Amino acid sequence: GFQSYPDSTLLAGYMISEELRPGSPALMGRQFSYRTDRPIREAIHRELGFEPTSLGDLLLGSQLVQAMAYREAIRAHRSAQPRCMGTLFWQLNDPWPGPSWSVIDRAGRGKVALHAVRDAYAPVSVDVLGTNGPMRVEVLTDRPAGPHRVEVSWWLADGTLYQRDDTIIVLEQPV
């Protein structure tokens, strides 16, 4: 598991506005982990490259790194078959209005990690690795071994289709 904060509207329902800031006693009082916010802040710095100074930065950063952690763990377990045959995901929801390991907050709203978990458990899960130079595409699937048609589409940030390729790949094993 990995903690993240809920959104600010949920916290605002349980805290006075003066306390809605990183490091405030009221916000820290909502943290039940003996490790405090240290792992969250370290992951934001390591994975996202910034130090959260505002509440918005802390909340969004925490949700992004939680999503990255859960997605990576689920994909690692799925790709380790037959040594590991999957995961039992138990961090679904939490009644606590503060940082928690859940992917659905007290108000029933999904955090960023909910979508990452859903995608990581999908029958076909795709990961594009690399930022500069050649990129590698990893595909995890529960489909049987054999030939499969794959279509890859590259989109520009403005939503314009840049390139579409399709090819046949041969899966040597189901995952």
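Residues numbered from 1 in each chain as written. Predicted model: local features only at pLDDT ≥ 70, side-chain atom pairs only at ≥ 80, totals over all residues. Heavy atoms only, no water.

Q: How do you make sense of the packing of helix α3 (residues 38–48) against helix α4 (residues 55–79) when you look at a structure like this?
A: Angle between the axes and distance between the axes are the two parameters that describe a pair of packed helices. Taken N-terminus to C-terminus, the directions of α3 and α4 make an angle of 75 degrees; their axes are 9 Å apart at the nearest point. By the angle between their axes, α3 is roughly perpendicular relative to α4. Residues Ile40, Arg41, Ala43, Ile44, Glu47 and Leu48 of α3 form the contact with α4, whose participating residues are Leu58, Gly61, Ser62, Leu64, Val65 and Met68. (Axes fitted to C-alpha atoms, helices over the stretch in contact; angles between N-to-C directions. Helix = DSSP H or I, 4+ residues; strand = E, 2+ residues; numbered from the N terminus. Parallel < 35°, antiparallel > 145°, perpendicular 65-115°, else oblique. Contact = heavy atoms within 4.5 Å.)

Q: Which parts of the structure should I look at to understand α3?
A: It helps to recall that an α-helix has 3.6 residues per turn; residues three or four apart then point in one direction. Taken residue by residue, α3 has Pro39, Ile40, Ala43 and Ile44 as its buried positions. All buried residues of α3 fall inside an arc of 135 degrees around its axis, so they share one side. Here the buried face of α3 lies against α4. Gly49 lies just past α3 and shows a positive phi near 80 degrees. (Buried < 20%, exposed > 50% of the residue type's maximum accessible area, 1.4 Å probe, protein only. Arc of directions from axis to C-beta.)

Q: Looking at this model, I keep getting lost on the pattern of salt bridges. Mind explaining?
A: Opposite charge on two side chains makes pairing possible when the charged atoms of those side chains draw close. Applying the stated criterion across every chain, the model contains eight salt bridges. A salt bridge links Arg46 to Glu47; its shortest N-O distance comes to 3.1 Å. Owing to a relative accessible area of 40%, Glu47 belongs among the partly exposed residues under this scheme. For Glu151, the salt bridge identified is with Arg164, shortest N-O distance 3.4 Å. Taken together, the residues span a long stretch of sequence, with Glu151 in strand β3 (residues 146–155) and Arg164 in strand β4 (residues 161–171) at a distance of 13 residues. Exposure remark for Arg164: the relative accessible area of 44% places this residue in the partly exposed category. What you see here is one network of salt bridges that share partners, running through Arg149, Glu151, Arg164 and Asp166. (Salt bridge = Lys/Arg side-chain N within 4 Å of Asp/Glu carboxyl O.)

Q: Can you help me understand the pairing of β4 in this one?
A: Bridge count between β3 and β4: 10 bridges; the pairing is antiparallel. Across the sheet, residue Trp155 finds its bridge partner in β4, namely Leu161. Connecting β3 to the antiparallel partner β4 that follows it, the hairpin turn spans five residues, and Gly159 within it adopts a positive phi of roughly 90 degrees. (Pairing = 2+ DSSP bridges.)

Q: Sorry if this is basic, but what is going on with the side chain of Thr141 here?
A: Positionally, Thr141 belongs in strand β2 (residues 136–141). Taking the relative accessible area as the measure of exposure, Thr141 reaches 4% and is therefore buried. Among the polar contacts listed, one links the side chain of Thr141 to the backbone oxygen of Pro123, at a separation of 3.1 Å. (Polar contact = N/O pair within 3.5 Å; in protein donor to acceptor, adjacent residues only side chain to side chain.)

Q: I'm lost on the pairing of β2 in this one. Help?
A: Side chains on a regular strand alternate between the two faces of the sheet. Where strand β1 (residues 124–129) lies against β2, six bridges are found, and the strand directions are antiparallel. Its bridge partner being in β2, Val128 is matched across the sheet by Val137. Following β1, the chain reverses through six residues before pairing antiparallel with β2; Gly130 in that reversal takes a positive phi of roughly 110 degrees.

Q: Which parts of the structure should I look at to understand the packing of α4 against helix α5 (residues 112–120)?
A: Remark: α4 packs on α5, axes separated minimally by 8 Å, with the N-to-C direction vectors making an angle of 15 degrees. It follows that α4 is roughly parallel to α5 by the angle criterion. As α4 runs across α5, the sense of the crossing is right-handed. Between α4 and α5, the residues in contact are Gln63, Leu64, Gln66, Ala67, Tyr70, Arg71, Ile74, Arg75 and Arg78 and Val112, Ala113, Ala116, Val117 and Ala120, respectively. Looking at the contact of α4 with α5 residue by residue, the class counts come to nine nonpolar, two polar and three charged. (Left-handed = near helix turned anticlockwise from the far one by under 90°. Nonpolar A, V, L, I, M, F, W, Y, C, P; charged D, E, K, R; others polar.)

Q: It is not clear to me how the packing of aromatic side chains should be interpreted in this structure. Could you clarify?
A: Given two aromatic rings, one states the distance between the centres and the angle between the planes to describe the pair. Per the stated rule, a full pass over the model turns up two aromatic pairs. Seen in terms of ring centroids, Phe32 and Trp96 are 4.4 Å apart; in terms of plane orientation they differ by 25 degrees. Their pairing is stacked. With a gap of 64 residues between them, Phe32 in the loop between α2 (25–29) and α3 and Trp96 in the loop between α4 and α5 connect regions that are remote in the sequence. Relative to Phe89, the ring of Tyr70 lies with its centre 5.7 Å away and its plane at 85 degrees, an arrangement referred to as edge-to-face. Taken together, the residues span a long stretch of sequence, with Tyr70 in helix α4 and Phe89 in the loop between α4 and α5 at a distance of 19 residues. Residue Tyr70 is classed as buried on the basis of its relative accessible area of 5%. The ring of Trp96 has Arg30 lying over it, and the distance from NZ or CZ to the ring centre is 5.0 Å. (Phe/Tyr/Trp six-rings, centres within 6.5 Å; stacked < 30°, edge-to-face > 60°. Lys NZ or Arg CZ within 6 Å of the ring centre and 35° of its normal.)

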